[in-house]
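Summary of the model geometry
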Amino acid sequence: MSGYQDGRLRARWRRATKLLVAAAAMSAGSLVLTTALTAGTANAAAGPVERAALAALAAPTVASVTTGGAHTCAISTGGGLWCWGSNYGGQLGDGTTTNRGTPARVGTATWTNVDAGSGHTCAVRTDGTLWCWGSNFRGQLGDGTTTSRSAPVQVGTATTWAGVDAGPTHTCAIRTDGTLWCWGFNRTTQLGVGTSPYVANTPLQVGTATDWVSVSTGFGHTCGIRTGGTLWCWGSSSDGQLGLGNLAPQTAPAQVGTATGWTGVTAGYAHTCGIRSGALWCWGENGYGQLGVSGTYRTAPVQIGAATTWTRIAAGSDTSCASRTDGTLWCWGKNSGGQVGDGSTTHRFAPVQVGTATTWTGGLAVTDHGCGIRTDAALWCWGDNSGGQLGDGTTVNRSTPGQVTLPA
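Predicted model only: the values in this text are computed from it and were never measured.

1. A closer look at the overall build of the protein
Secondary structure summary: the protein contains 3 helices and 28 strands in total. Within the span of the protein, comprising 408 residues, buried residues form 56% of the whole.

Structural data, given as structure tokens:
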């Protein structure tokens with residue numbers, strides 16, 4: 001849902017040692033805290049500020065993040081997987097259907113890639129196996145059934161999965177041999193395998209190409225990038241979200257123009273955005289300004305501004321976000337829950353900067369809430385919080401980023 005940008009290959013940053021210095025200087029009790037850190041034990045005499053700082057220092061840092069309909073998952077730099085928020089279909093993977101307002105770890109396995117759909121989640125383990133959990137009424141878990149799962153279930157027996165992307169009711173994944181596979185709901189031919197089957201509860205290969213490097217799933221369409229930087233889309237084109245210059249659906253991947261140089265693509269509900277040679281392009285539905293321009297829907301890619309320094313792009317529902325080489329973060333589109341992150345709930349028809357930070361260099365994801373990772377591998381989230389997906393222990397929406405800490 002949040003997009004498998006840049007092949008989901010994200011660098012893992014370590015928290016800077018300046019945090020330790022800052023914590024030690026917080027109060028007169030800093031000597032106690034410094035001693036406790038050096039000894040590796042907490043000092044019972046430390047005050048609440050020092051204990052909070054100690055807990056933050058011990059918390060896992062974050063390597064990647066994904067946002068679902070009303071839940072969030074993140075992989076720590078150590079490979080642990082954590083999920084929180086709405087859990088009506090078991091999408092948190094903790095064996096229950098209980099909502100979580102703070103991050104909870106999913107088992108003890110280590111993971112390399114995770115993506116959240118509206119009500120399900122899929123992830124790849126370090127051994128190359130693929131696992132899914134949550135809602136499954138359209139076969140989107142790929143386990144051969146339509147039974148929902150509250151704990152991870154393996155998808156087939158292959159050990160060569162490289163990355164996965166989960167949409168509202170369908171899922172696609174790429175293997176290490178460059179083949180692309182999709183499963184789940186196919187009502188709008190979003191699986192790329194033709195009009196049949198209507199529902200696929202196991203992975204189906206999309207064509208015979210072996211050069212897929214990324215894939216992103218929208219509501220009723222899918223887009224992907226091949227080696228060489230060509231962009232391909234298929235499925236519903238009700239609002240021009242395939243970028244082919246018309247509203248005709250596609251039952252198999254169709255190339256978007258002839259340009260190469262595409263390095264990232266992300267599919268929202270009925271719009272798509274991508275980065276080509278550093279420039280930002282969007283197309284499809286534009287009722288909330290999610291294309292970053294004024295006017296109605298666009299059936300072909302339209303460039304957003306003149307900047308050629310865009311590095312990451314994320315879209316979900318009717319909101320889009322992107323980061324630049326200077327570490328700034330920009331969002332636009334639907335903002336009813338504060339998901340644009342600019343301190344307002346006003347829909348934006350052009351990119352607006354999220355705060356003044358220039359350290360947004362890690363992962364990025366957005367649906368009706370957004371999350372991003374900064375240079376120090378700290379995670380920040382904002383927007384709708386109806387299911388506790390912001391991870392702050394409340395269900396209060398936030399229109400500016402707030403830090404999320406994974407439990408130690």
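From this point, the discussion proceeds with the structure in view.
2. Considering the state of the cysteines
On inspection of all chains with the given rule, the structure shows 7 disulfides. Here C321 pairs with C331 through a disulfide, and the sulfurs are 2.0 Å apart. The S-S bond linking C321 to C331 shows a torsion near 110 degrees; that makes this disulfide right-handed. Pair noted here: C321 is in strand β22 (residues 319-324) and C331 is in strand β23 (residues 329-333), with a separation of 10 residues, a long-range link.

3. Digging into the packing of aromatic side chains
Evaluation of the coordinates by the stated rule reveals 9 aromatic pairs. Seen from their ring centres, W360 and W382 are 5.9 Å apart, and the 70 degrees between their planes marks the pair as edge-to-face. Here W360 is found in the loop between β24 (348-353) and β25 (364-366), whereas its partner W382 is found in strand β27 (residues 379-383), with 22 residues between them in sequence. In this structure an aromatic cluster arises from ring pairing among W161, W181 and W183. Of note, R138 hangs over the ring of F185, and the distance from its end group to the ring centre comes to 4.1 Å. The ring of W330 has R324 sitting right over it, with the charged end atom 4.4 Å from the ring centre.

4. Points about the sheet that holds strand β2 (residues 71-76)
Within the open sheet, the 4 strands sit side by side as β1-β2-β3-β4. Their pairing is antiparallel. Of all strands in the sheet, those bounded by a partner on one side alone are β1 (62-67) and β4 (100-105). Adjacent strand axes in the sheet meet at a mean angle of 15 degrees, parallel and antiparallel pairs treated alike. In this structure, β1 lies alongside β2, joined through 5 bridges in antiparallel fashion. Looking at the pairing, T67 lines up with T72 of β2.

5. So, the environment of A123
The topology assignment puts A123 in strand β6 (residues 120-125). When the C-alpha positions of A123 and W111 are compared, they lie 7.1 Å apart, and in sequence the two are 12 residues distant.

6. Observations regarding unusual backbone geometry
A cis amide bond links S196 with the next residue in sequence, P197, at an omega value of 5 degrees. Tracing the sequence through the fold places P197 in the loop between β11 (180-185) and β12 (199-205). Phi angles above zero are rare outside glycine, and T189 is one such case at about 60 degrees. By the secondary structure assignment, T189 is in the loop between β11 and β12.

7. Some points on the environment of W111
Within the secondary structure, W111 is located in strand β5 (residues 111-116). Given the relative accessible area of 1%, W111 is considered buried. Within polar-contact distance, the side chain of W111 engages the backbone oxygen of A109 at 3.3 Å.

8. Some remarks on the pairing of β23
Within β23, 5 of the 5 residues are buried, which leaves it mostly tucked inside the rest of the structure. The side-chain alternation of β23 yields two buried faces, one formed by L329, C331 and G333 and the other by W330 and W332. Two strands pair when backbone bridges link them, and β22 and β23 are joined in this way by 5 bridges, in the antiparallel orientation. Among the inter-strand pairings, S320 is bridged to a residue of β23, identified as W332. Pairing of β23 with β24 involves 3 bridges; the strand directions are antiparallel. If you follow W330 over to β24, its bridge partner there is Q353.

9. Things to note about the side chain of R312
The topology assignment puts R312 in strand β21 (residues 310-316). Judged by its relative accessible area of 18%, R312 falls in the buried class. Only 3.3 Å separates the side chain of R312 from the backbone oxygen of G362, close enough to count as a polar contact.

10. Thoughts on the sheet that holds strand β15 (residues 230-235)
In space, the 4 strands of this open sheet follow the order β13-β14-β15-β16, with antiparallel pairing throughout. Where the open sheet ends on each side, the last strands, each with one partner, are β13 (212-217) and β16 (250-255). When the angles between neighbouring strand axes are averaged without regard to direction, this sheet yields 20 degrees. As paired elements, β15 and β16 share 3 bridges and run antiparallel to each other. Paired with W232 across the strands is Q255, a residue of β16.

The rules behind each value
Throughout, a residue's number is its position along its own chain's written sequence, starting from 1. The predicted nature of this model means local features are confined to residues of pLDDT at least 70 and side-chain atom pairs, given and counted, to a pLDDT of 80 or more, with totals for whole chains, interfaces and linings taken over all residues. Water and hydrogen atoms play no part in the side-chain values, which are based on all heavy atoms of the structure. Helix and strand definitions follow DSSP, with helices as H or I runs of at least four residues and strands as E runs of at least two, each counted in order from the N terminus. For every residue, the accessible area obtained with a 1.4 Å probe (protein chains only) is divided by the maximum for its type, and the residue is called buried under 20%, exposed over 50%, and partly exposed between those limits. Counting rule for disulfides: a pair of cysteine sulfur atoms within 2.5 Å. Aromatic pairs are defined between Phe, Tyr and Trp rings, using the six-membered ring for Trp, whenever the two ring centres lie within 6.5 Å; interplanar angles under 30 degrees are classed as stacked, those over 60 as edge-to-face, and all others as tilted. Whether a charge sits over a ring comes down to the Lys NZ or Arg CZ being within 6 Å of the ring centre and within 35 degrees of the ring normal. Whether two strands pair depends on DSSP finding at least two bridges between them. With axes taken as lines fitted to C-alpha atoms, and helix axes fitted only over the stretch in contact, angles between N-to-C directions fall between 0 and 180 degrees. In the analysis that follows, any N or O atom pair within 3.5 Å is treated as a polar contact, provided that within protein one partner can donate a hydrogen and the other can accept it, and provided that, for residues neighboring in sequence, both atoms belong to side chains.

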